[in-house]
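Below, each chain spelled out in residue letters.
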Amino acid sequence: MKKVSVLALVGALFAFSGLGRAAVSIGAQAPDFSLPSASGKTVHLGAYKGKLVVLEWTNADCPFVHKHYDSGNMQKLQKEYTSKGVVWLTISSSAKGKEGYFAGAKEAAKFIKDRNAAMTALLLDPKGVVGKKYGAKTTPHMFILAKDGTLAYAGAIDDKPSTDAADIAGAHNYVAAALDELLAGKPVSVPETRSYGCSVKY
Amino acid sequence: MESRRKVSAGAVSADHPEVFRTLWRRALAVGFLALGAGFAVFPMPGRATELSRARADLISETQGFVPGHTLTVALRLTQDPGWHTYWQDPGDAGLATTLDFELPSGVQAGPLEWPKPRVFKSEGDLTCYGYEDTALILVPLVVAQDFSADKLTLKAKATWLVCKDVCLPGKAEVQLSLARMAADVPSEYAQLFAQARKTLGQAPDGYRPQGGAPGAAVAQAPESVPRGASEGYAHLAWMLCLAFLGGLALNLMPCVLPVLSLKALGFVQQSQQSRRHGLALAGAFSAGVFFSFWVLAAIVVAIKRSGQAVGWGFQFQQPAFVLFMAGVILVFSLNLFGLFEIWLPQSAMQSLDKAGRRRGLAGAFGQGLVMTLLATPCTAPFLGTALGFAFAESGLVLTATFTAVALGLALPYLILALVPGSHAWLPKPGAWMLRFKEAMGFLLLATVVWLLWLLGGAAGVDAQAWASVWLLLLALVAWLVGRFAGLDRSASQRRWVIAGALALAGASSVWLWPKVLGAPAAPEVASAGGQAWSPEAVDRLRAEGKPVFVDFSAQWCWTCKLNEKGTLASSAVQEAFRSKGVVLLKADWTRQDPAITAALSAHGRSGVPMYLYYPPHGEAVLLPELLTPALVLKVLESAS
């Protein structure tokens, strides 16, 4: 019917115009989501309300992710803060056929095992819906949610944008600093930084 | 080694040719292996391994160096097809190429100079800036007058990230040796340097600096921004108010008012039967009106978004936009004066009429659609004008503006259905409607005058004159179409006249636009004066204990010119500057100098104007975008 097709056209035009798309700002409520994880279960963000949550965007083959995983830096952070009650969710938003795509839970579980990673869960977002909701641009891109579910930190993992693992030792780690401040009940002194890394392969 | 092999091979060859061939091949293979191993263990200076997708070397603009002269060299990255490296601001992802020199004493390196990069977009709305095929990053080196050696050896470490679908980090140690010469002689690479110089220091199309460098903190909103946000809301409220009033006024137009009167009777009858039913019908009718406007808004937003991918949004802030709008609004005003008519194709009107005949709510909705479309000949001038000004705004603002117009247009129908007896208030249609329409034309003409004033201020009196000539020709075209292509003429004559008129309009645009836009910018009125800004200049002046006032502006920025001619040039402010010894520095962002862009984003701004005052002691003060003499004097007083 003509009316239906016109309505569909208008709807499509509005969708195309992207009126509804925006990244999350600091202090705003972080969008809720449910994603399948490497363990086979579905993980729901809302279940972690009342805890600090770290969202880490990753791409297994990106040189910047290699910098932090091959050196053990990322695993160290994951171990340290999950033991303090922080929930660490690693997310892959790589689309099918692109670098860093996990074909299924088994491949994702292999990633965890090979790297001896200690995140709470590795989530698969191949359609990129959650990545685009949060405005994840790079791998790695770090987000920290406060206990009330608002966004407390968004941006880079540290202040030395490079692929060289030797830079980690002398770099200031924004995530560790923000988590320490939040765990002590203090406000985050640097809530927003510009992230660095490979582009997320939507 | 080879000769020995040959001898032995030769001795064998006579008896066993196949053995000789095999030996020869083996010798070659071993030889190449040895060479390859040699390359791997001892990389040749300036050449990274072939598998890295990009190869770096250092090249010079001149064949040698001349003591006392500036020597320009460049890092050249030769990349495999489809692979790109990054600009100094890589964009949403990536890593800028770095170059660190190891120089002998007497040679100093200046900052890296980057040609204009390309824009790379990827899925997820990610934008990066960089170079494909060959990237050339220039470095000026100052060689001291008393540099005595005959040979200059430059060593540098380069790092980069080269990407296609995946990214590979790369690094190389590059080296270049140059001989001392008496004069600058262009090298074989001089052409490459000349090409790069054409766009040196230019930002990519549609560049929006983010509030900080990768890995660095993003500048949080400074004090003035909350005021800016409320200013933004006030501006939006003002626009929506105007749009609503415009929509209301449209009801008095000759295309709309008769329909309104007819509908009024219909609604009154419905309301008398059942008030709720009458309200529902009016609601459905209004919904039809809103729907038409939202379709239009969606089309415009889609055009805008597709244009933004090409980089239009940015271009529209230039004098070209003002010129275009002046032409469009002039043509619309002529339509209101009655010089020519806009008409809808018959087929569209017929099909919509059918939609309106259905009964009940669906019928009312259809009637709303029909009414809006029939009103196009009258509403087009105002919608077009509003659209022109709102085009630069976000999709949300555009939709809100259109909704406000729709609300104004539909309001009388809602009132008619809600308030019993209100139909008596309706003005009776008559000749006065045409006079009203013509009077509206003068409003639009006033807008054209304002736009010409803006153009003159930005591009000069000559540009303004040429723009007026173009407007004159447009008026002529409108007259031709109106008088010779009316509905009373034959279809073929209409076609010819319109084709000719469009050709005339096109030709005059092609002839006159370059004259308007190419004209040199208005000579700087000796108002603000001021030296050129640089971070070093600021540091130097502050070290001398002098207060500094920095004016960040650009040639196409009219708010800037307003502030310069109105406030900064005023006698009160000039006197205050003189008595306090304030030094005025000007940062000209017309060509988007990256150093100035960085300074803007460091203070949380993404554009000009921006005004900074550095008092003799203490932190810099950021002033608002619109200056008044009183404000500037207050800042000067309180900060010292």
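Everything numeric here is computed off the predicted structure, so don't read it as measured data. Numbering of residues begins from 1 in every chain and follows the order in which that chain's sequence is written. Lettering for chains starts from A, numbering for ligands starts from 1, and both go in the order in which the items are written. Predicted model: local features are reported for residues with pLDDT of at least 70 only, side-chain atom pairs are reported and counted for 80 or more only, and whole-chain, interface and lining totals are derived from all residues.

### Comments concerning the nonpolar core
Then, in step 1: Structurally, a nonpolar core is described as a collection of buried Ala, Val, Leu, Ile, Met, Phe, Trp, Tyr and Cys residues joined by way of C-beta atoms within 7 Å. Exposure is read from a count of other C-beta atoms within 10 Å of each residue's own; the residue is exposed at 12 or fewer, buried at 20 or more and partly exposed in between. C-beta atoms are placed from the backbone. Residues A:Val54, A:Leu89, A:Phe143, A:Ile144 and A:Val175 are the most contacted members of the largest nonpolar core, which totals 89 residues.
Then, in step 2: A run of H or I in DSSP becomes a helix once it reaches four residues, and a run of E becomes a strand once it reaches two; helices and strands are each numbered from the N terminus. Looking at this core element by element, the count peaks at 8 residues for strand 10 (residues 151–163) of chain B.
Then, in step 3: We call two residues in contact if the C-beta atoms placed from their backbones are at most 7 Å apart. Apart from residues no more than four positions distant in its own chain, A:Phe143 is found in contact with A:Leu55, A:Tyr134, A:Leu151, A:Tyr153 and A:Ala154.
Then, in step 4: By size, the runner-up hydrophobic cluster in this structure holds 34 residues, among which are B:Phe285, B:Phe365, B:Val370 and B:Val405.

### Concerning the pairing of strand 10 of chain B
Residues and elements named next belong to chain B.
Then, in step 1: Two elements, strand 5 (residues 98–102) and strand 10, share 5 bridges in a ladder whose sense is antiparallel. Across the sheet, Glu-102 pairs through a bridge with Lys-155, a residue of strand 10.
Then, in step 2: Note: two strands are recorded as paired if DSSP finds a minimum of 2 bridges between them. Note: strand 10 against strand 11 (residues 167–180), 13 bridges, orientation antiparallel. Paired with Leu-161 across the bridge in strand 11 is Pro-169.
Then, in step 3: If you look at the hairpin formed by strand 10 and strand 11, you'll find 3 residues sitting between the two strands.

### Observations concerning the packing of helix 18 (residues 571–580) of chain B against helix 20 (residues 629–639) of chain B
The geometry of a pair of packed helices is captured by two quantities: the angle between their axes and the separation between those axes.
All names here are of chain B.
Then, in step 1: What counts as an axis is a line fitted to C-alpha atoms, over the stretch in contact for a helix, and the angles between N-to-C directions run from 0 to 180 degrees. Remark: helix 18 packs on helix 20, axes separated minimally by 9 Å, with the N-to-C direction vectors making an angle of 15°. What the angle tells us is that helix 18 and helix 20 run roughly parallel. The handedness of the crossing between helix 18 and helix 20 is left-handed. Mapping the contact onto sequence places Ala-572, Val-573, Ala-576 and Lys-580 in helix 18 and Pro-629, Val-632, Leu-633 and Leu-636 in helix 20.
Then, in step 2: Asp, Glu, Lys and Arg are counted as charged, while Ala, Val, Leu, Ile, Met, Phe, Trp, Tyr, Cys and Pro are counted as nonpolar; the rest, among them Gly, fall into the polar class. Looking at side-chain class alone, the contact of helix 18 with helix 20 contains 7 nonpolar, no polar and 1 charged residues. For classification, angles of less than 35 degrees are called roughly parallel, those exceeding 145 degrees roughly antiparallel, those between 65 and 115 degrees roughly perpendicular, and all remaining angles oblique. Handedness of a helix crossing follows the sense of rotation of the near helix relative to the far helix, less than a right angle counterclockwise being left-handed and clockwise being right-handed.

### Focus: the interface of chain B and chain A
Then, in step 1: Between chain B and chain A, the residue contacts involve 31 residues of the former and 34 residues of the latter.
Then, in step 2: Listed by contribution, the elements that provide at least two residues to the side of chain B that touches chain A are strand 8 (126–132), strand 11, helix 6 (275–310) and helix 12 (395–418) of chain B.
Then, in step 3: Considering each element in turn, the side of chain B that touches chain A owes the most residues, 7 residues, to helix 6 of chain B.
Then, in step 4: For the side of chain B that touches chain A, the residue count by class is 21 nonpolar, 6 polar and 4 charged.

### Brief notes about the sheet that holds strand 8 (residues 151–155) of chain A
Residue and element names in this part refer to chain A.
Then, in step 1: With mixed pairing, the 5 strands of this open sheet are ordered in space as 5-4-3-7-8. Each edge of the open sheet is held by one strand with a lone partner, namely strand 5 (121–124) and strand 8. Averaged over neighbouring strand pairs, the angle between their axes works out to 20° when direction is ignored.
Then, in step 2: Pairing between strand 3 (residues 53–57) and strand 4 (residues 87–92): 5 bridges, direction parallel. Looking at the pairing, Glu-56 lines up with Thr-90 of strand 4.

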